[in-house]
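Geometric and topological summary
Residues per chain are reported as follows:
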Amino acid sequence: MDWTKAKNILIIALLVTNLMLLGVYALRAAQRNGDNDEETQRRILTEYNVFLETEIPRRPAPMAVLFVRPETEDAALIEKALSEQTPIPDDGLEALLNAANDLLERCGLMTENTKPAPPFETNGGTTVIRYRDVFDGIPIEESHILCAIEAGRIVRLSRKWYTPLELNDTKGEILGPIEALMRLLPEKDKDEPFVVKNMELVYRVSPERPVAEFPVGDTALPAWKITDNKGTVTYIAAYAQ
């Protein structure tokens, strides 16, 4: 047996094993540090009277900017559809939703991105069926359709809508939800309780002008939407900076 060759093979095997062990150790250390960072952040949130009454979303993968086009509806077509509707046979929510869906279909407003958004509100005899604009599972904020129903008839339809065009080629890292909540602290009174009732990732149309290749469109950026126990909504830009 060539002992010199065998010794060299043994040395190489030991080096590979050591490198693998170092890699496992580094990975576990990084995971521990990440857990500790989040624990520290949660403790700071508590110290600032920020309390969580909702499940915290997972940190998403990198995301791209979404290009969208603002839409306008045909008012005459909607008025015609409202005047031609038949009375809704009963006031159950399913019947009301079916009637609203039918109206949107007849007006050409029902797309693959149009999703009902319960719970539906009823106040003083008026039920409002609300729809959200959802692209690839993520809502486009401030894009909505509202159908007001009274006495078995849809009496009003209001709409603000963005049609998704395409995603930008470049993706950016997204803030984790706890990191996003931390960005509330500089503007918050430390002694005033802030209860997070809901938190979700959305696209939000930027007030800045769109890029040149979409001159008639807008740009929707990822944002964390935070709703407190008073119903107040706060948006935190989601790109890590």
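Attention here is on the structure that accompanies the text.

Parameters and conventions
- Residues numbered from 1 in each chain as written.
- Predicted model: local features only at pLDDT ≥ 70, side-chain atom pairs only at ≥ 80, totals over all residues.
- Heavy atoms only, no water.
- Helix = DSSP H or I, 4+ residues; strand = E, 2+ residues; numbered from the N terminus.
- Buried < 20%, exposed > 50% of the residue type's maximum accessible area, 1.4 Å probe, protein only.
- Contact = heavy atoms within 4.5 Å.
- Areas by Shrake-Rupley, 256 points an atom, 1.4 Å probe, with all protein chains shown as cover.
- Core = buried A, V, L, I, M, F, W, Y, C linked by side-chain atoms within 4.5 Å.

What to know about the overall build of the protein chain
Assigned secondary structure in the protein chain consists of four helices and 10 strands. For the protein chain, the sequential pattern of α-helices and β-strands runs α-β-β-α-α-β-β-β-β-β-α-β-β-β. Out of the 241 residues belonging to the protein chain, those deemed buried represent 37%. Across the protein chain, every contact between residues at least 6 apart in sequence was considered, and the portion connecting residues at least 24 apart equals 66%. Total accessible area on the protein chain is roughly 15100 Å²; 53% of this is exposed by carbon and sulfur atoms.

A closer look at the environment of Asp 228
Along the polypeptide, Asp 228 turns up in strand β9 (residues 218-228). Residues Asp 228 and Glu 53, spaced 175 residues apart in sequence, show a C-alpha to C-alpha distance of 9.3 Å. Those residues within four positions of Asp 228 in sequence are excluded, and the remaining contacts are Phe 194, Val 195 and Lys 197.

Observations regarding the nonpolar core
If you look at the biggest cluster of nonpolar residues, it comprises 30 residues, and the most contacted ones within it are Leu 181, Trp 224 and Ile 226. For this core, the secondary structure elements donating two or more residues are β2 (63-71), β6 (138-150), α4 (177-182), β8 (194-205) and β9. Core analysis: the next-biggest nonpolar cluster, separate from the first, contains 22 residues, Leu 82, Leu 97, Leu 104 and Trp 161 among them.

Brief notes about the environment of Pro 119
With respect to the helices and strands, the residue Pro 119 is situated in the loop between β3 (114-116) and β4 (121-123). A relative accessible area of 73% means that Pro 119 is categorised as exposed. Each C-alpha atom of the pair Pro 119 and Leu 93 lies 9.9 Å from the other, and the pair is 26 residues apart in sequence.

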